[in-house]
Structures are given as structure tokens and as C-alpha cells.
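One-letter residues, chain by chain:
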Amino acid sequence: MNYRHAFHAGNFADVFKHLLLSRILVYLIRKPAPLRFIDTHAGIGFYDLAGTEAAKTGEWRTGIGRLDATKATPAVAALLDPYLAAVGARTTDGRPLFYPGSPGIAQHLLRPGDRLLLCERHPEDAIALKSVMGRDKRVKVLASDGYATLKASVPPPERRGLVLMDPPFEERDEFDTLAMSLASATRKWATGTYAIWYPIKEAAQVAAFQAQMATLGLARHCTIEILRDAAAGAPALRGCGLFVVNPPYLLAEEAALLLPFICGIFDDAALPPFNGAIRTEAGQLTRF
Ligand SMILES: C[S@@+](CC[C@H](N)C(=O)[O-])C[C@H]1O[C@@H](n2cnc3c(N)ncnc32)[C@H](O)[C@@H]1O
């Protein structure tokens, strides 16, 4: 367990994931009934971007730093607002005081009657997470394996909510583990919304994952990706995706507005440009 998210907090992949996470939660809280958010790989909740790890890579500067510095059209700005509000206070030089991870985003957006179940296997990180979540009675932090906890926790008593699966992909078989875990969870709780984040390094690996997903017989799902061409000089992490089961009805429509904007701000003249793609269960593919 060497992965430390603090090196990458607030980078392009985090902005992509947390922005879509915020859009899913905003949609789910439109209905008054309480919901449960299950974060199988939660991390430490909040990240000090001036801390040793984040300062070493400076990745946040081309992620949340660029987003903060770019003016969006009113339609895009309205979709960004809940996420940007969850990011919270900025320093006078524009750095988020503490960048929220997925637990921080959900803690900000969810309502008094909602519940958050956060799993973090790294014992010290789980202690750190518990401490930053404070005395929030809605939150339960478990220093546990997220896959095992998910299996034991669905369906949740509320019978509605979101599962976020965001592993570090340190293990070679992580895609297979994800697929098996999703298969068993959706068998037990077919109506929940599930969001699975994945890195795009090797196209074949992602294609194999998508093929596995296709065998699960999931009724409604969509895939949202941002990706650089595999040209010479492209970084190993070419992009990332979110596979969403039972997505909110507006998610693909909102992503179609958001992806061109975030791809534009993440672009770097020295690297191949980013492109966005949205694939629905009907197989319909939209590229930007
Ligand atoms: C990519 S980070 C999570 C980031 C977080 N979801 C966010 O968006 O802010 C992955 C985390 O999963 C933890 N982890 C690794 N394997 C795990 C497992 N089997 N169960 C729970 N947590 C695990 C790692 O220690 C790491 O903190």
C-alpha cells in the first residue's frame, strides 16, 4: 500500500472525478428521501496543497488551479458551482486552503438526514480521515477493505444512494477485482448508483474492463472519459474515466457541456490535446 493520494490531490483526474461526483450528488439530493454515500476507497478526506507531497508534484496547479483561474460560460458555471463551493476557501494567492477529496465533497453536499460510509484500508489514513470528518454524526469511517465492506453494506437501509469506487490501481488485477465487486454489489442492490473511476494508461486494459462490464447485464450505465492521444511525449496517465451504473438522467447531458470546458483548461501546448467521450448503454458515443 504505497499509494499516497496527497501527491495527486486536485490534479486533472481529481477535478474530473470530483466534478462528476458533485453532479451525481446534486441530482440525488433533489428528492427529499435520505440517501447513503458509500466511498470504498476514501483517502484522507482533505489535502493540504502546500504540504510536502502536493508541493512536490504541483499537480493541482494544472487541475483545480486552472479551473479556478478560467471563466466559464453561465451554463457551465452553474454546473461547476456546487463543486467549487465544496472546494471551499482559497488563500489570497488562489490556492484552496484544503482540497477536499471525495469524502469532503460528499460531506459538504449531503443533507442532515443522509449518511456517509467511508472505507480506508490504510490504518493511519483512516485515523486521519476520522479526525477531519469531525463530530459529523452522519459519517462512519471504517479502517477496512472497501470491497468487503461494500458487499456487507448493500442494500443500505435507505435503499437509495451512491457508491464511489476509486482504488489506487496498484494491483495488477485491480480492474478484475472492481468488476467482481461491482457484479456482486449490483446483484444485491440493483437500483443503487455506482461510480467507478479508472485511469487510462493502456487502451487494451480499459477495453477489457468495458467488455467485462458489458457481461454484467446492467440495465442503465454510461461511460465518461477524458483522454489524450497516444502520441510521442504523452504522459503514462493519458486520461481517466468514470463508469456509472444507474446514472442520473441528466448526467450525460451535463457532461456534454462540462467535458469540452475542462479538456480545454487541462490542455498543455507541449502535450497532445485532451478529448472527451461519453458512451451510453445504447452504445451511442459522443466525442468532443
Ligand atoms: C485514489 S485514493 C482515493 C481518493 C479519494 N476517493 C478521493 O477522491 O479523494 C485510493 C485510496 O484507497 C486506499 N485503499 C487501497 N486499497 C484499499 C482497499 N482495498 N479498501 C479500502 N481502501 C483502500 C488507499 O490507501 C488510498 O487512500
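Description of the structure in this document. Residue numbering note: each chain is counted from 1, following its sequence as written. For this predicted model, a pLDDT threshold of at least 70 governs which residues receive local features, and a threshold of 80 or more governs which side-chain atom pairs are given and counted, while totals over whole chains, interfaces and linings are taken from all residues. Only heavy atoms go into the side-chain values, all of them from the structure, while hydrogens and water stay out.

**Re the nonpolar core**
Right, so step 1: Counting 84 residues, the largest nonpolar core has Phe16 and Ile226 as the members making the most contacts within it.
Right, so step 2: Secondary structure follows DSSP: runs of H or I at least 4 residues long count as helices, runs of E at least 2 residues long count as strands, and numbering of each begins at the N terminus. No other element matches helix 1 (residues 12-28), which puts ten residues into this core.
Right, so step 3: The residues touching phenylalanine 16, leaving out its near neighbours within four places in the chain, are Trp197, Ile224, Glu225, Ile226, Cys240, Gly241, Leu242, Leu259 and Ile262. As used here, the term nonpolar core means buried Ala, Val, Leu, Ile, Met, Phe, Trp, Tyr and Cys residues forming a set that is joined through side-chain atoms within 4.5 Å. Three exposure classes are used, based on accessible area relative to the maximum for each residue type with a 1.4 Å probe and protein chains only: buried under 20%, partly exposed in between, and exposed over 50%. Contacts are residue-level and defined by heavy atoms, with any inter-residue pair within 4.5 Å sufficient.

**Quick word on the packing of aromatic side chains**
Right, so step 1: Note on ring pairs: Phe, Tyr and Trp rings are taken, using the six-membered ring of Trp, and paired if centres are within 6.5 Å. Classes follow the plane angle, with under 30 degrees stacked, over 60 edge-to-face and the rest tilted. Summed over all chains, the structure comprises ten aromatic pairs.
Right, so step 2: Pairing phenylalanine 12 with phenylalanine 274 gives two aromatic rings, centres 5.1 Å apart and planes at 50°, and the pair type is tilted. One end of the pair, phenylalanine 12, is in helix 1; the other, phenylalanine 274, is in strand 10 (residues 274-280), with 262 residues separating them in the sequence.
Right, so step 3: Among the residues examined, phenylalanine 12 registers a relative accessible area of 12% and is labelled buried.
Right, so step 4: Overall, the relative accessible area of 4% leaves phenylalanine 274 in the buried class.
Right, so step 5: With a centroid separation of 4.9 Å and 50° between ring planes, the pair formed by phenylalanine 169 and phenylalanine 175 is classed as tilted.
Right, so step 6: What makes phenylalanine 169 buried here is its relative accessible area of 16%.
Right, so step 7: The class of phenylalanine 175 is buried, set by a relative accessible area of 6%.
Right, so step 8: An aromatic cluster is defined as three or more aromatic residues linked by ring pairs; in this entry it consists of Phe169, Phe175, Trp197, Tyr198, Phe209 and Phe243.
Right, so step 9: Working rule: Lys NZ or Arg CZ, within 6 Å of ring centre, within 35 degrees of ring normal, means a charge sits over the ring. If you follow lysine 17 out to its NZ or CZ, it ends over the ring of tryptophan 197, 5.5 Å from the centre.
Right, so step 10: Here the guanidinium or amino end of arginine 220 rests over the ring plane of tyrosine 249, the centre of that ring lying 4.2 Å away.

**Focus: the site of the ligand**
Right, so step 1: Here a residue is considered near a molecule or strand provided that any single heavy atom belonging to it is located within 4 Å of it. Taken together, the neighbourhood of the ligand is formed by 18 residues, with His18, Glu120, Asp145, Gly146 and Asp166 sitting nearest.
Right, so step 2: In protein, a polar contact requires one atom able to donate a hydrogen and another able to accept it; more generally it is a pair of N or O atoms within 3.5 Å, and residues adjacent in sequence count only if both atoms are side-chain atoms. In the environment of the ligand, an oxygen atom lies 2.8 Å from a nitrogen or oxygen atom belonging to the side chain of histidine 18.
Right, so step 3: Here glycine 146 contributes a backbone N or O atom positioned 2.8 Å from a nitrogen atom of the ligand.
Right, so step 4: Here the ligand, which alone exposes 610 Å², has 96% of that area covered by the protein. Here the Shrake-Rupley method, with its probe set to 1.4 Å, supplies the accessible areas, and only the displayed protein chains count as covering residues.

**A look at the pairing of strand 10**
Right, so step 1: In this scheme, strands are said to pair when DSSP sees at least two bridges between them. Bridge count between strand 8 (residues 221-228) and strand 10: seven bridges; the pairing is antiparallel. Paired with arginine 228 across the bridge in strand 10 is phenylalanine 274.
Right, so step 2: Of the strand pairs in this sheet, strand 10 and strand 11 (residues 285-287) are connected by three bridges, and their pairing is antiparallel. Residue pairing for strand 11: isoleucine 278 is matched across the bridge by threonine 286.
Right, so step 3: Taking the residues that link successive antiparallel strands as the turn, the strand 10-strand 11 hairpin has four residues, and the phi of glycine 283 there is positive, at about 85°.

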